[in-house]
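So the chains spell out like this:
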Amino acid sequence: MKAVCFWRKNEVRVVDVPDPKILNPHDAIVRVTLTAICGSDLHLYDGYVPTMMKGDILGHEFMGEVVEVGSEVRTLKPGDRVIVPFPIACGRCFYCQQQLWSLCDNTNPNAWMVEAMYGFSGAALFGYSHLYGGYAGGQAEYVRVPFADVSPLKIPDGLSDEQVLFLTDIFPTGYMAAEFCEIKAGDVVAVWGCGPVGQFAVKSARLLGADRVIAIDRFPERLRLAREQSEAETIDYSEVDDVFTALKEMTGGRGPDACIDAVGMEAHGHTIDALYDRVKQTMRLEMDRSHVLRQALHCCRKGGIVSIPGVYAGFIDKVPFGAAFGKGLKLRMGQCHVQRYTRPLLDRIERGEIDPSFVITHRVTLDDAPEMYPVFRDKQDECIKVVMRPS
Ligand SMILES: [Zn+2]
Ligand SMILES: [Zn+2]
């Protein structure tokens, strides 16, 4: 089959590789009909994840048709059309039982690597380095899906692939970030970063009843999309003196009730920088993004909530913890428990409350991946989200 493979830093290749096989009686094989490049794939592409190996198949946002199932699979059969959440979950462990799917205890065979850094490891992820399990990803014609009875969600015929694909990651990720904000009538929510996850955070804050959403970015096309799709108010941070003052003025001097940090190439977050080089990791994260977290902590009103779907992998410096304490802030963060949201968000799509395809700007095939990765990374051609068909 054809697959998009990591080759080296700044290079992916489309390679002919062996078709995946059933390795465990709980596996299914899915023929991919649509997949996407995610912001967090760029971190792999940029060579920041040391356990990526030449030839690893990328991709964790994918859907398709079940073509084969193992002997123990009960809920799926060939011909079913499914979306597959990016965290791989066993469905039985202490964490899965509590719907904390991205913290599954059983699916990462390389958990020891993460344990060395964090004490404990979360779930394995599709197509996301050996640190996260070494599972082949979905930017391919076929994928092996382990624990096939646990996570895949069957999709009714009336909905297009483009309408449901983002249930695998970025829609639930943005939604969970908004849900963390405990939105009440009258609330004002500020969202830093209007990439795909930021767009879904903005939209979800509206769906959950925020009175006003203020979106902050510097790319005009992203701010325009947030205004047009979610009636957001916007701040172009390259054009204001000070985001804090702008937000204060827009909120009658009080500050936003909740602040969402959805900034960065891997805003929805499943990235770890250099495992073997914590110092370097700290430096890079420090440069990349902690200024947004600082700003969110600084801008949030007293007693408010700061929600962080953006990735933090190591140590961060100069975080105004005193401000967080002094204002009695509540912090929420972490990798999305996608499986908790797929069914209720599919219901919202079916009811016409949202059509997630609004973020798609580029539609290509797997063969175009080597050209599209840099276009997406560098935001050329007003690129916000890329989807890929097999051919
Ligand atoms: Zn992703
Ligand atoms: Zn589990």
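What this report covers is the structure whose coordinates are included nearby. (Residues numbered from 1 in each chain as written. Chains lettered and ligands numbered in written order. Predicted model: local features only at pLDDT ≥ 70, side-chain atom pairs only at ≥ 80, totals over all residues. Heavy atoms only, no water.)

**Examining the side chain of D56**
Residue placement: D56 occurs in the loop between helix 1 (41–45) and strand 4 (62–69). A polar contact of 2.7 Å, which involves the side chain of D56, links it to the backbone nitrogen of M53. Side-chain polar atoms of D56 contact the side chain of H130, separated by 2.9 Å. Setting aside chain neighbours within four positions, we find D56 in contact with V4, C5, F6, T51 and H130. (Helix = DSSP H or I, 4+ residues; strand = E, 2+ residues; numbered from the N terminus. Polar contact = N/O pair within 3.5 Å; in protein donor to acceptor, adjacent residues only side chain to side chain. Contact = heavy atoms within 4.5 Å.)

**A short note on the coordination of the zinc ion (ligand 2)**
Taken together, C90 (SG), C93 (SG), C96 (SG) and C104 (SG) make up the protein donors of the zinc ion (ligand 2), found 2.3 to 2.4 Å from the metal. Angles of 103 to 116 degrees at the metal separate the 4 donor atoms of the zinc ion (ligand 2), which places the site in the tetrahedral class. Within one chain, the residues serving as donors to the zinc ion (ligand 2) are arranged as C-x2-C-x2-C-x7-C. According to the relative accessible area criterion, C93 is buried, its value standing at 8%. (Donors = N, O, S within 2.8 Å, 3.2 Å for Na, K, Ca; no water. Tetrahedral: all angles 85-135°; square planar, octahedral: opposite > 155°, others 65-115°. Buried < 20%, exposed > 50% of the residue type's maximum accessible area, 1.4 Å probe, protein only.)

**Comments concerning helix 12 (residues 338–350)**
Here helix 12 spans 18 Å end to end across 13 residues, near enough to the 18 Å set by a 1.5 Å rise per residue. The largest bend in helix 12 comes to about 30 degrees, at P344. Those residues of helix 12 that fall on the buried side of the exposure criterion are V338, Q339, Y341, T342, L345, L346, R348 and I349. Where helix 12 terminates, the next one or two residues include G352, which has phi positive at roughly 80 degrees. (Expected span 1.5 Å × (residues − 1). Bend = angle between axes of the 7 residues up to and from the residue.)

**Some details on the sheet that holds strand 11 (residues 212–217)**
The 6 strands are arranged 12-11-10-13-14-15 in an open sheet whose pairing can be described as parallel. Two strands in the sheet have a free side with no partner beyond their single neighbour: strand 12 (233–236) and strand 15 (330–333). Direction aside, neighbouring strands of the sheet carry axes that sit 20 degrees apart on average. As paired strands, strand 13 (residues 258–261) and strand 14 (residues 305–308) are joined by 3 bridges and run parallel to one another. Across the sheet, residue C259 finds its bridge partner in strand 14, namely V306. Against the sheet, helix 6 (residues 196–207) engages strand 10 (188–192), strand 11 and strand 13, with an angle of about 170 degrees to strand 11. Its contacts with the sheet put helix 8 (residues 243–250) on strand 10, strand 11 and strand 12, and the angle it makes with strand 11 is roughly 165 degrees. (Pairing = 2+ DSSP bridges. Axes fitted to C-alpha atoms, helices over the stretch in contact; angles between N-to-C directions.)

**A word on the nonpolar core**
Residues F166, F171 and Y373 are the most contacted members of the largest nonpolar core, which totals 76 residues. Per element, the largest residue contribution to this core is 6 residues, and it comes from helix 5 (residues 170–179). Contact partners of F166, with chain neighbours within four places excluded, come to A36, E61, F171, P172, F200, P356, S357, V359, I360, K385 and V387. Formed by 21 residues, the second largest nonpolar core is a distinct cluster that contains V188, I216, V292 and C300. (Core = buried A, V, L, I, M, F, W, Y, C linked by side-chain atoms within 4.5 Å.)

**Some thoughts on the pattern of salt bridges**
Enumeration according to the criterion identifies 22 salt bridges in this entry. The partner of E65 in a salt bridge is R31, with the nearest N and O atoms 2.7 Å apart. Separated by 34 residues along the polypeptide, E65 in strand 4 and R31 in strand 3 (residues 28–37) bring together distant segments of the chain. When its relative accessible area of 31% is taken as the criterion, R31 is described as partly exposed. Among the ionic pairs, R363 bridges to E162, the shortest N-O distance being 2.7 Å. Linking R363 in strand 16 (residues 362–365) with E162 in helix 4 (residues 161–164), this pair joins segments that are 201 residues apart in sequence. Owing to a relative accessible area of 22%, E162 belongs among the partly exposed residues under this scheme. Here the salt bridges share partners, and the residues they tie into one network are R8, E11 and R13. (Salt bridge = Lys/Arg side-chain N within 4 Å of Asp/Glu carboxyl O.)

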